[in-house]
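Structure at a glance
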Amino acid sequence: MDFAAIIFDCDGVLVDSEVLGLEASAAYLETHGFSWSPADLVRLFTGYRDDVFAAKLTEKYHSLHGCDPSPGFFEGLIETRRSRRHLLQPVPGAVEFSKNLGGMKAVASSSRKEFLVSKMQRTGIYDHFAPHVYSADLVSEGKPAPDIFLHTAEKLGVDPQGCLVIEDSVNGVKAGIAAGMTVWGFIGGGHCFEGHGDRLTSAGASLIVRDFDELGVRL
Ligand SMILES: [Mg+2]
């Protein structure tokens, strides 16, 4: 395979952040009347920038309770997730793979810049991509809009159509496709439950890879 650049999503591809706090978040949300499993949370909410996630959850809250959630509702959820952050690990194989991958490479994430850099530094991945680490707060629209991928291609100085995107979320796959890039679905994160690969394929991923070994072979 010959690509001008490879652009990685971060959460759920390079760092195993999506699985962290899923059970704690599900338990927290249950105290507010939502009966979602960790797999449901992945299906409903992964790959969104914070503001889009908050809007989606507010919508669900409104349909269930007939009113908007209090600010304390979101603070409690953020605190629940934050309490697990020290447990963050890289996705198995991600550090070695990033280190050894030659050519143009970048990270394009829905995460906010300070969180993104912190997560990548704590897992030993940041130095293998810097300075090409781009967060969704740099652009006006978060995934599934193509903005962050187009911004990344521009910074790399490559044609979007020559880029390969590695994504673990339906929204991320849609964003890469909308940017005119080739997108491969990655299901090596701890949050990828049964049927996840099929959902990525339906969103437009042309290939599904189950881990970094397989990604290396396919490249
Ligand atoms: Mg992701």
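Treat the numbers as computed from the prediction; the structure is a model and nothing was measured. (Residues numbered from 1 in each chain as written. Predicted model: local features only at pLDDT ≥ 70, side-chain atom pairs only at ≥ 80, totals over all residues. Heavy atoms only, no water.)

A look at helix α6 (residues 113-122)
Inspection of α6 places L116, V117, S118, K119 and M120 among the buried residues, and these make up the whole buried set. Its buried side turned inward, α6 meets β2 (104-109) and β3 (133-135). Just beyond α6, the residue with positive phi is G124, at close to 75°. (Buried < 20%, exposed > 50% of the residue type's maximum accessible area, 1.4 Å probe, protein only. Helix = DSSP H or I, 4+ residues; strand = E, 2+ residues; numbered from the N terminus. Contact = heavy atoms within 4.5 Å.)

Things to note about the coordination of the magnesium ion
Only D9 (OD), D11 (O) and D168 (OD) from the protein coordinate the magnesium ion, and they sit 2.0 to 2.2 Å from it. Taken in sequence order, the residues that donate to the magnesium ion follow the motif D-x1-D-x156-D. Here D9, found in the loop between β1 (5-8) and α1 (22-30), pairs with D168, found in the loop between β4 (163-167) and α8 (170-178); they are 159 residues apart in sequence, far enough to count as distant. For the pair shown, D9 and D168 are each scored as buried. (Donors = N, O, S within 2.8 Å, 3.2 Å for Na, K, Ca; no water.)

Overview of the packing of aromatic side chains
For the structure shown, the criterion picks out 12 aromatic pairs. Here the aromatic rings of W36 and F45 are separated by 5.4 Å at their centres, their planes lie at 70°, and the arrangement is edge-to-face. Side by side, W36 and F45 carry an identical accessibility label, which is buried. Taken together, the aromatic side chains of Y28, F34, W36, F45, F53, Y61, F73 and F74 make up a single cluster linked through ring pairs. Above the face of the F53 ring, R81 is positioned so that its terminal group lies 4.8 Å from the ring centre. (Phe/Tyr/Trp six-rings, centres within 6.5 Å; stacked < 30°, edge-to-face > 60°. Lys NZ or Arg CZ within 6 Å of the ring centre and 35° of its normal.)

Structural notes on the domain arrangement of the protein
When the parts of a complex come together, some accessible area is lost, and that lost area is often taken as the interface size. According to the domain assignment, the protein contains domain 1 (5-17 + 88-218) and domain 2 (22-86). One C-alpha centre belongs to domain 1, the other to domain 2; they are set 23 Å apart. The interface is formed by 18 residues belonging to domain 1 together with 13 residues belonging to domain 2. On the domain 1 side of the interface with domain 2, the three residues burying the most area are S110, N171 and F193, jointly 32% of the side's total. Linking domain 1 to domain 2 there are one salt bridge. Its salt-bridge partner being D50, residue R112 comes within 3.1 Å of it at the nearest N-O pair. (Domains from an automatic or database assignment. Buried area = accessible area lost by both parts, 1.4 Å probe. Salt bridge = Lys/Arg side-chain N within 4 Å of Asp/Glu carboxyl O.)

Description of the pairing of strand β5 (residues 182-186)
Where burial is concerned, most of β5 is hidden: four out of the five residues are buried. Where β4 and β5 come together, four bridges link them in parallel fashion. Across the sheet, residue I166 finds its bridge partner in β5, namely W184. Where β5 meets strand β6 (residues 207-209), three bridges bridge the pair, whose relative direction is parallel. Paired with G185 across the strands is I208, a residue of β6. Once the chain exits β5 it traverses helix α9 (residues 196-203) before rejoining the sheet at β6, and the crossover so formed is right-handed. (Pairing = 2+ DSSP bridges. Right-handed = clockwise from strand over helix to strand, strands pointing away.)

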